[in-house]
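# Architecture and fold: a report
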Amino acid sequence: MARALFAFLSGVLLSLLLSLAAVAQETGVPDRSATGGAQTLSDIMSRQRGAQIDDSFRSGATGNPDNAAGLVNPLGTLGGVSDPELWRALRYGSADVTVSARGPAAGVVIQNEGIWWLNFREGPLMRGGAWLLGGTLLALVLFYLIRGRIRIDGEKTGNTVTRFKAVERFAHWLMGGSFIVLALTGLITLFGRTVLIPMFGRDSFALLAGSSKWIHNNISWAFIIGLILVFFMWVLHNLPKRHDLTWLAQGGGILKKGVHPPAGKFNAGQKLIFWTVILLGASVSLSGLSLLFPFEMPLFAKTFAVLNSSGLPQLFGIGDLPLAQTPHQEMQYSQIAHALVAFVLMAIVLAHIYIGSVGMEGAIDAMSSGEVEEQWAREHHSLWLDEISSEDRPSDSAPSASEPTVE
Amino acid sequence: MKTMLLAFAAIVLITITANFALQTAGFSSQEQNLGAAVRLDQ
């Protein structure tokens, strides 16, 4: 199930990515008679434009040992394979390579897709991620300046109700605390070479990068455990309900003062965050595990096979996604998916942190002491307050808190 | 607040335990890649 979800999420992201990077497919077989079948200037220019070309005329030209001249003919080509043909076979992964180091990647001597991945990582990925996080922060600052802090509108009662038990808060902070560290160390890893080295120098950054990598790799388990705990504790409260539509229609009441649509333990906005965190968290965990155990958990050849059979890439005009991939390509796709999903999660978590702290009066109490002001609960989670109130008292003579209030 | 600090302590504990467990189980980069003719510890 998790793999299927991951396949879907990764597929959608990569489909978008590939649709951005998609370039015109060269059609037809060019005339290469002038070069004796070798690549032409047109081929080189096409590659430089980033166009995909059918290079089977090169990948297949790896010599033939059967054509080797006999021993009696000293001027024949040794072995029937020339140096260019040997290097071509290494480049396209068809050479019979024996290496001393272990691991599935050890036999890949030349990896053709590295430059594409590096260019994407240091270009659109970093720029897009920086814009996303910067834009989110800016939007939150603007929202605060325009809307201000969402106050408790009614008179405070002085009574509190238990919103989250200790075990719920523990799971939340286990996941949240580890995610913040993962985000910071991940950003250090991604932006280190281009941003931090020029600022702090290579020696200082080496220590920072080494520590950052160690922390990122090992703290990830705390995030995964927290994610699983949070899922099982809150999944039933986050199933969609009819009143969620009302909440969404009224913008959750956060856009206009005095508007408080009814909500259960979690409102529709929190449900959206819950499912986004669960699905993207599972996705980022799987791609993270793939990176943590290099070459042991290839995810994308199978994911692409599922996507190809779904028809999605064809629908977007990308064509069939590549199924046969080198171990390094698998890692490159994992890194890109990991970073893309992580950036989206970081942006969402920034908004979550804002509304749970400075953005809304009384919200932080839910996750610090677990006790919230009754009036706060009445305004933001009226259905839930009704529910716990009716559990506390046998008769239902007390007034209901679930009526939407407009003050 | 106490629960939050407890969770942070648990994060530190899990982090150190995970590193120890993976190293002990032979998942270090060195152990994953060395072979009879490849030494990475010298």
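Residues numbered from 1 in each chain as written. Chains lettered and ligands numbered in written order. Predicted model: local features only at pLDDT ≥ 70, side-chain atom pairs only at ≥ 80, totals over all residues.

## Description of the overall build of chain B
Each helix and strand in chain B was counted, giving two helices and zero strands. Summarising its shape, the C-alpha atoms of chain B cover approximately 55 × 15 × 10 Å along the three principal directions. Within chain B, the fraction of its 42 residues that count as buried is 12%. (Helix = DSSP H or I, 4+ residues; strand = E, 2+ residues; numbered from the N terminus. Buried ≥ 20, exposed ≤ 12 C-beta atoms within 10 Å, placed from the backbone.)

## Re the overall build of chain A
If you tally the helices and strands in chain A, you get 15 helices and four strands. Across the 407 residues that make up chain A, the buried fraction comes to 26%. Sequence-distant contacts in chain A: of pairs separated by 6 or more residues, those separated by 24 or more amount to 70%. (Contact = placed C-beta atoms within 7 Å.)

## Comments concerning the packing of helix 7 (residues 202–234) of chain A against helix 1 (residues 2–24) of chain B
Where helix 7 of chain A meets helix 1 of chain B, the axes come as close as 8 Å, and the angle between the chain directions of the two elements is 120°. In terms of axis orientation, helix 7 of chain A runs oblique to helix 1 of chain B. Regarding helix 7 of chain A and helix 1 of chain B, the two cross each other, and that crossing is right-handed. Residues Ile215(A), Asn218(A), Ile219(A), Trp221(A), Ala222(A) and Ile225(A) of helix 7 of chain A form the contact with helix 1 of chain B, whose participating residues are Ala10(B), Ile11(B), Ile14(B), Thr15(B), Ala18(B) and Asn19(B). Of the residues contributing to the contact of helix 7 of chain A with helix 1 of chain B, the split by class is nine nonpolar, three polar and no charged. (Axes fitted to C-alpha atoms, helices over the stretch in contact; angles between N-to-C directions. Parallel < 35°, antiparallel > 145°, perpendicular 65-115°, else oblique. Left-handed = near helix turned anticlockwise from the far one by under 90°. Nonpolar A, V, L, I, M, F, W, Y, C, P; charged D, E, K, R; others polar.)

## Some words on the environment of Leu350(A)
Residue and element names in this part refer to chain A. If you trace the backbone, Leu350 turns up in helix 12 (residues 327–356). Residue Leu350 is classed as partly exposed on the basis of its 16 C-beta neighbours within 10 Å. Note: C-alpha distance between Leu350 and Val141 (209 residues apart in sequence) is 11 Å. Setting aside chain neighbours within four positions, we find Leu350 in contact with Thr136, Leu137 and Leu140.

## Describing the confidence of the model for chain A
Residue and element names in this part refer to chain A. For chain A, per-residue confidence averages 83 on the pLDDT scale, and 87% of positions sit at 70 or higher. Of the regions scoring below 50 in pLDDT, residues 15–27 engages in 18 contacts with residues more than four places distant in sequence or in other chains. Confidence drops under pLDDT 50 across residues 401–407; counting only partners more than four residues distant or on other chains, this segment forms 16 contacts. (pLDDT = per-residue confidence, 0-100.)

## What about the interface of chain B and chain A?
The interface of chain B with chain A comprises 17 residues on the first partner and 19 residues on the second. Broken down by element, the residue count for the side of chain B that touches chain A peaks at eleven residues, all from helix 1 of chain B. Of the residues that constitute the side of chain B that touches chain A, the class distribution is eleven nonpolar, six polar and no charged.

## Things to note about the packing of helix 7 of chain A against helix 9 (residues 268–292) of chain A
Residue and element names in this part refer to chain A. Running from amino to carboxyl end, helix 7 crosses helix 9 at an angle of 150°, the nearest separation of the two axes being 10 Å. Compared by their axis directions, helix 7 and helix 9 come out roughly antiparallel. The two elements helix 7 and helix 9 cross, and the hand of that crossing is left-handed. Residues Asn217, Ser220, Ile224, Leu227, Phe231 and Trp234 of helix 7 form the contact with helix 9, whose participating residues are Phe274, Ile278, Gly281, Ser285, Gly288 and Leu292. Per-class residue counts for the contact of helix 7 with helix 9 are seven nonpolar, five polar and no charged.

## A few points about helix 5 (residues 114–147) of chain A
Residues and elements named next belong to chain A. The first and last C-alpha atoms of helix 5 sit 47 Å apart over 34 residues, in line with the 50 Å expected at 1.5 Å per residue. Along its length, helix 5 shows its largest kink, about 35°, at Arg121, and proline Pro124 lies within four residues downstream of that point. Looking one or two residues beyond helix 5, the residue adopting positive phi is Gly148, at roughly 75°. (Expected span 1.5 Å × (residues − 1). Bend = angle between axes of the 7 residues up to and from the residue.)

## Re the confidence of the model for chain B
Residue-level pLDDT values for chain B average 85, and 93% of them are 70 or greater. Of the two predicted TM-score estimates for the complex, the pTM is 0.80 and the ipTM is 0.88.

## Describing the nonpolar core
In globular proteins that are soluble, nonpolar side chains generally tend to be buried together. Ranked by internal contacts, the top residues of the largest apolar core, which has 23 residues, are Ala339(A), Leu340(A), Val341(A), Ala342(A) and Leu345(A). Of all the elements in the fold, those that place two or more residues in this core are helix 6 (166–200), helix 9, helix 10 (300–310) and helix 12 of chain A. Looking at which element gives the most residues to this core, the answer is helix 12 of chain A, with ten residues. Grouped together as the second largest cluster of nonpolar side chains are 17 residues, Leu182(A), Trp221(A), Phe223(A) and Ala7(B) included. (Core = buried A, V, L, I, M, F, W, Y, C linked by C-beta atoms within 7 Å.)

## Here we look at unusual backbone geometry
Its identity is not glycine, yet Phe295(A) carries a phi of approximately 70°, on the positive side. For Phe295(A), a count of 17 C-beta atoms within 10 Å corresponds to the partly exposed category.

## So, the environment of Ile353(A)
Residues and elements named next belong to chain A. Positionally, Ile353 belongs in helix 12. On the basis of neighbour count, Ile353 is assigned to the partly exposed category, with 15 C-beta atoms found within 10 Å. Sequence separation of Ile353 and Gly281 is 72 residues, and the distance between their C-alpha atoms is 17 Å.

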